[in-house]
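The residues making up each chain are set out below.
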Amino acid sequence: MTSSPDAAAADGPPAVLVSVTEIRRRPGSRMPVARTLVADGLGLTDVAIPDGSAIAFVGDLESIHEGVVLTGSAEVPWTGACRRCLKDLHGVAAIEIREVYETKPTDGETWPLEHDQVDLGPLLHDIALLALPLAPLCTDDCLGPAPDAFPAVVEGSPIPGEEPEAEPAKDPRWAALDDLDL
């Protein structure tokens, strides 16, 4: 099942609702869940989830006393650029999920369970953003576009192939400090 644009909240991710009425009647019972969230405008500075891509979740819901536990995995497609050579990259991030939905949620720890429905939209939205690589590399040994032409140097260190700069003249007012042995 796919989320629909008309189910979206005005200021948040689209709703991806799952009814848990049946399993809430029998604590300890499980129900398989497979849902997708269509990405729209999700991304960071250099990495993004292509618009229209599906963030897919597959897992189980298990009933507990005051709510349900969601367990499973999600796959998040992403595109970006290598941080060294700027080559276009794409990949899929896999995330393991274990979250609790409660009728009386604890802010920042559990998700709300309202009207015997679990809304996976906000969870998948947040998980997708957290799964994006912050600084992707095309390969672990990528040296960049031309490491010999553009070497990485620390400010003040000599550049290979160039003469080191002469040390600046010392201020005579500080000359007495040169004689101190600390």
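For the structure itself, look to the data block above.
As a starting point, this report considers the structure included with it. (Residues numbered from 1 in each chain as written. Predicted model: local features only at pLDDT ≥ 70, side-chain atom pairs only at ≥ 80, totals over all residues. Heavy atoms only, no water.)

1. A closer look at the nonpolar core
Selection criterion: We define the nonpolar core as a collection of buried residues of types Ala, Val, Leu, Ile, Met, Phe, Trp, Tyr and Cys that are connected through side-chain atoms lying within 4.5 Å of one another. Relative accessibility decides the category of a residue: with a 1.4 Å probe and only protein chains considered, values under 20% of the type maximum give buried, values over 50% give exposed, and everything between is partly exposed. Each helix corresponds to a stretch of at least 4 residues labelled H or I by DSSP, and each strand to a stretch of at least 2 residues labelled E; elements are numbered beginning at the N terminus. In this analysis, two residues are considered to be in contact whenever any of their non-hydrogen atoms come within 4.5 Å of each other.
Membership of the largest hydrophobic core comes to 36 residues, with the highest contact counts inside it found for Ile55, Leu61, Ile97, Tyr101 and Leu120. Sorting the residues of this core by element identifies β2 (30-38), β4 (54-64), β5 (67-81), β6 (88-102), β7 (111-114) and α2 (120-131) as the ones contributing at least two each. Per-element tally for this core: the top contributor is α2, with 6 residues. Ignoring anything within four residues of it in the chain, the contact list for Leu120 reads Val16, Val18, Val33, Arg35, Phe57, Leu70 and Tyr101.

2. Considering the pairing of β4
Note the following rule: Pairing between strands requires that DSSP locate at least two bridges from one strand to the other.
Burial along β4 is one-sided: the face carrying Ile55, Phe57, Gly59, Leu61 and Ser63 is buried and the face carrying Ala54, Ala56, Val58, Asp60, Glu62 and Ile64 is not. Relative to β4, β2 is paired through 9 bridges, and the arrangement is antiparallel. Looking at β4, one finds that Val38 is bridged to Ala54. Pairing between β4 and β5: 9 bridges, direction antiparallel.

3. Looking at the environment of Ala135
As for its position among the elements, Ala135 is in the loop between α2 and α3 (175-178). Classification of Ala135 as partly exposed rests on a relative accessible area of 35%. C-alpha of Ala135 to C-alpha of Gly80: the two residues are 55 residues apart in sequence and 9.0 Å apart in space.

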